[in-house]
Amino acid sequence: MPRKSWLGMALIGAALALAPIVVGASLGNAWVRVLDFAALYIMLALGLNIVVGFAGLLDLGYIAFYAVGAYLYALLASPHFGIHWPAWAILPLGAAVAGLFGVLLGAPTLRLRGDYLAIVTLGFGEIIRIFLNNLNTPINITNGPKGIARIDPISVFGQPLSKPVEFLGITFSGVMLYYYLFVVLALGIVFVGIRLQDSRIGRAWVAIREDEIAAKACGINTRNVKLLAFAMGATFGGVSGGLFAGFQEFVSPESFGLMESVMVLCMVVLGGMGHIPGVVLGGLMLTVLPEAFRHGAGPMQQAMFGKVLLDPEALRMLLFGLALIAVMLYRPAGLWPEPRHRRELAK
Amino acid sequence: MDIFLQQLINGLTLGSIYALVALGYTMVYGILGLINFAHGEVVMIGALSSLTVIRLLADSGLPGPVVVLIGLLAAALVCMALGFTIERVAYRPLRNAPRLAPLITAIGVSIVLQQLAMLTWGRSYHSVPPLLPAATHEVLGATFTEVQVIIVAVAAITMAGLMMLVNRTKLGRAMRATAENPAIAGLMGVDANRIIGLTFVIGSALAALAGVLVSANYGIAHYHMGFILGLKAFTAAVLGGIGNLAGAMVGGILLGVIEALGAGYIGDLTGGVLGSHYQDVFAFFVLIVVLIFRPSGLMGEKLAERA
Amino acid sequence: MTVLLEARGVTKYFGGVQALKDVSLTINAGEIYGLIGPNGAGKTTFFNALTGLYQRDGGEIGFCGAALRLSSPHEVAKAGIARTFQNIRLFANMTARENVMVGRHSRTRAGVVGAVLRDRATRAEEAALRRRADELLRYVGIEHRADDIARHLAYGDQRRLEIARALATDPKLLALDEPAAGMNATETASLKSLIEGLRADGLTVLLIEHDVKLVMGLCDRVAVLDYGEKIAEDVPASVQRNPKVIEAYLGGAA
Ligand SMILES: Nc1ncnc2c1ncn2[C@@H]1O[C@H](COP(=O)(O)OP(=O)(O)OP(=O)(O)O)[C@@H](O)[C@H]1O
Ligand SMILES: [Mg+2]
């Protein structure tokens, strides 16, 4: 690798390492928490990017895999069943189970045309949510709409990340510790994504996205290769879900609605489908901006009109919707598309 | 037996509403090959805007059905304008874009409509004033209300009218020609853009009607009602064979009945493990099964992709 | 002379229309076999039925002495039949080299683990793949466009790229659907020598083409389809004189 890119990497590394300290000191821990969520969402978005961005399969129920990972963690590490497995055992299991769900959903549906697939995955997401909401009777598995609380935090080397640690004279709060874990894992997922993109499998995904019939004629077993994309995406979703459960120490069906799926899709689409840096940017933007908006929109209206006219939450979603439309109309390849290719969506 | 008949009646009512909404999906799909994802939200807007008008007129002394009719007309106007605008702004510029693009804008439009509705009408559930005759009658141990009769009758008449429009009029012929092949229709002097716009407008008027009927049926309306309803109606359209008008009607009725019977019997069938709150699962289940085993639906033609 | 491909009674319906009626033909190893006929005669449909893109409604196909019972296109490709498309179907936003590399999918093995770890075997495979892709690009004469996006290539080059991609599957039979369509005289001439080169290298070619001069100059034998039926099969010179063929073409033109 040329020296320049090493230098760039070192700078990015330093910035990532210092970010929570600086943000924590200047804006407070609430904003470090936002960064934690940004890292989580980036992992999710990178997973969905494999499915939508690389393989061109529109999955509108992606959050279901996140839910599977989260609930698996919650059930295996909480007083709900009195089971307390360690995170390092649950997270890979969650990845595998989510991957399995991906295959189970994908196997029958992946030969459907793109828009049908979107609807079926959307339905699947809803089914998972309905089950989470109702599987509290006759046997209480999911605890229904109340959700599962008092989930064990994630521990690294016996140290629960929820407890602050003193190091080099700096106190690292729980949210900061989680930040480091999440960023390391997100970087791992970025690495995997980059490696996959430039490989036989990655090229096969893009080929299917570009022209499925030609891909078949090239000897690609399109069903299996699509299934692989689905399973890989689901796996990343499952891991992120487990992390989410350990971080929040609470899960409930409310966190896994259609709007969450749409959010993650927005990150991929707005950032730049199929372009990993773009997707990372999308994830970061769509976590941080709405948060800033939530803090800012209320007081700003107060200052301008003397009262809060419009519900900031609704306003935020409204802007999402408008952004989706605007990007498709004016920048269909996203805000940060691949410079070499400016690849568009599958023809 | 009585529970069977009862659920059949309920299913028929629900099914005729699904059918009305499904027609909107199927008409647009037939002509553009596009799933108009935002259609369910148009139904919701129809329900809520008619409600606003109905509430304004509730104390005017006009007879109930007349008030509802005025509400319906207002809602139809709102929805038609909305459908026209959606097509113009969000779909037309993307007509030659990759397939996923209009689907994503459609999701955007749904979000926008839902949030606008929330800002306008709030988050709460609105109860719909019972202005239609609601007396109950009994047959063979099952009860039905007059509202239910009205819903089924109005839906049936409307669908018959639509079939006449499509099969017997010049406009209908132009629509069918455009669906068949827009380029050739264009050569024959059909203005495809106008026909497509009209298709959205007609579909939206049906959506407004469905919105009024569904809120009369449940006595309730809220900003969130469009999503699930839209999804089910889409399922109905696929079940019947998307792009096929008669199919949408059959699919709608069938889905309504499957759902109602399913909800009525699921407890017995599963030994009490699953209860009627799984009602919504049926539609998705039906959708997945149909798409896997008969993607062209019950009445659709099988089309091979050209290579 | 060994028989490479034998089609017996291939039939295909579209709704009520019979697009292929009992089409039987044999292609010998090493020959260039032409498939001609008026527009809509069913030539492309025959390709699609052969390569598994369409499900056949009847008939059998024997390939390399064994029945080709494969139903899916990727299996047909793996068995050794490669094709190009009448309306060019490249991976428009991939580079020319990547297009050819995708063509070798069924002849390479690397999976997800290999892609992520980049172990020695994967690196070696990837390097060989790249070399082979560049070789093929050179073979069809567009090596200088290797790093360009496929849709930025000139029309003639796109046709060549599609051939290179098909060759990447290591086919025994190469099926070309109107490769000269839209080409000028010079481009057609160089396409002709490209196809001749393929034969010289031992490949068997099945060629759909409307350019009569090209077909007559290239093909060892020619079959004529009309309304889904094979009406003639012979050496070019006698096909040209066959009254049924003349009738079919004139009838089509009138
Ligand atoms: N997927 C399809 N669905 C319905 N009909 C089809 C399909 N594909 C081809 N056909 C019809 O089958 C017939 C044969 O078409 P085909 O494309 O094989 O002709 P062709 O000989 O390749 O003609 P051309 O020289 O114009 O390419 C035509 O009538 C065509 O309309
Ligand atoms: Mg052809």
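Residues numbered from 1 in each chain as written. Chains lettered and ligands numbered in written order. Predicted model: local features only at pLDDT ≥ 70, side-chain atom pairs only at ≥ 80, totals over all residues. Heavy atoms only, no water.

**Focus: the coordination of the magnesium ion (ligand 2)**
Consideration 1: For the magnesium ion (ligand 2), the full set of protein donor atoms is Thr 44 of chain C (OG1) and Gln 86 of chain C (OE1), and the range of their distances to it is 1.9 to 2.1 Å. Here Thr 44 of chain C is found in helix α1 (residues 43–50), whereas its partner Gln 86 of chain C is found in the loop between β6 (81–83) and α3 (96–103), with 42 residues between them in sequence. (Donors = N, O, S within 2.8 Å, 3.2 Å for Na, K, Ca; no water. Helix = DSSP H or I, 4+ residues; strand = E, 2+ residues; numbered from the N terminus.)

**Section: the sheet that holds strand β4 (residues 58–63) of chain C**
Residue and element names in this part refer to chain C.
Consideration 1: Across the sheet, which stays open at both edges, the four strands sit in the order β2-β1-β4-β5 with antiparallel pairing between neighbours. With partners counted over all chains shown, the strands left at the sheet margins are β2 (17–28) and β5 (66–67), one partner each.
Consideration 2: With two bridges connecting them, β4 and β5 associate as antiparallel partners. Residue pairing across strands places Phe 63 opposite Ala 66, the latter belonging to β5. (Pairing = 2+ DSSP bridges.)

**A few points about the sheet that holds strand β3 (residues 32–36) of chain C**
All names here are of chain C.
Consideration 1: Strand order in the open sheet formed by six strands is β6-β7-β8-β3-β9-β10, and the pairing between neighbours is mixed. One side of each edge strand has no neighbouring strand; the edge strands of this open sheet are β6 and β10 (229–234). Strand-to-strand twist in this sheet, taken as the mean axis angle between neighbours without regard to direction, amounts to 20°.
Consideration 2: Against the sheet, helix α6 (residues 155–167) contacts β6 and β7 (173–177), and its axis sits at roughly 155° relative to β7. (Axes fitted to C-alpha atoms, helices over the stretch in contact; angles between N-to-C directions. Contact = heavy atoms within 4.5 Å.)

**Re the packing of aromatic side chains**
Consideration 1: Within the structure shown, the criterion is met by 18 aromatic pairs over all chains.
Consideration 2: An angle of 35° between the planes, with centres 6.5 Å apart, marks the rings of Tyr 116 of chain A and Tyr 29 of chain B as tilted. A residue pair is termed interchain when its members come from two chains, as with Tyr 116 of chain A in helix α5 (residues 114–134) and Tyr 29 of chain B in helix α1 (residues 2–32).
Consideration 3: Given the relative accessible area of 9%, Tyr 116 of chain A is considered buried. (Phe/Tyr/Trp six-rings, centres within 6.5 Å; stacked < 30°, edge-to-face > 60°. Buried < 20%, exposed > 50% of the residue type's maximum accessible area, 1.4 Å probe, protein only.)

**So, the site of ligand 1**
Consideration 1: Around ligand 1 lies a shell of 15 residues, among which Gly 40, Lys 43, Thr 44, Thr 45 and Gln 86 of chain C are the nearest.
Consideration 2: In this structure, ligand 1 sits where chains B and C come together, each supplying nearby residues.
Consideration 3: Taking Ala 41 of chain C, its main chain carries an N or O atom lying 3.2 Å from an oxygen atom of ligand 1.
Consideration 4: Note that an oxygen atom of ligand 1 is positioned 3.4 Å from one of the side-chain N or O atoms of Glu 178 of chain C.
Consideration 5: Protein coverage of the free-state accessible area of ligand 1, which is 630 Å², stands at 76%.
Consideration 6: With three residues, the top contributor of residues to the shell around ligand 1 is α1 of chain C.
Consideration 7: The class makeup of the residues in the shell around ligand 1 is five nonpolar, seven polar and three charged. (Near = heavy atom within 4 Å. Polar contact = N/O pair within 3.5 Å; in protein donor to acceptor, adjacent residues only side chain to side chain. Areas by Shrake-Rupley, 256 points an atom, 1.4 Å probe, with all protein chains shown as cover. Nonpolar A, V, L, I, M, F, W, Y, C, P; charged D, E, K, R; others polar.)

**Some remarks on the confidence of the model for chain C**
All names here are of chain C.
Consideration 1: With 98% of its residues at a pLDDT of 70 or more, chain C shows a mean pLDDT of 92.
Consideration 2: Mean pLDDT values for the elements of chain C range from 76 in helix α10 (residues 243–253) up to 97 in α3.
Consideration 3: The ipTM, which scores confidence in the relative placement of chains, is 0.94 for this predicted complex, and the corresponding pTM is 0.90. (pLDDT = per-residue confidence, 0-100.)

**A look at the pairing of β4 of chain C**
All names here are of chain C.
Consideration 1: In this sheet, β4 lies alongside strand β1 (residues 3–14) in antiparallel orientation, the contact comprising five bridges. Of the residues in β4, the one forming a bridge with Leu 5 is Phe 63.
Consideration 2: Counting the residues between successive antiparallel strands, the hairpin from β4 to β5 contains two residues, one of them, Cys 64, with a positive phi of roughly 55°.

**Here's the deal with the environment of Gln 115 of chain B**
Consideration 1: On the secondary structure map, Gln 115 of chain B appears in helix α4 (residues 100–121).
Consideration 2: A C-alpha to C-alpha distance of 9.4 Å links Gln 115 of chain B and His 224 of chain B, two positions 109 residues apart in sequence.
Consideration 3: Apart from the residues lying within four places of it in its own chain, the contact partners of Gln 115 of chain B are Ala 314, Met 317 and Leu 318 of chain A.

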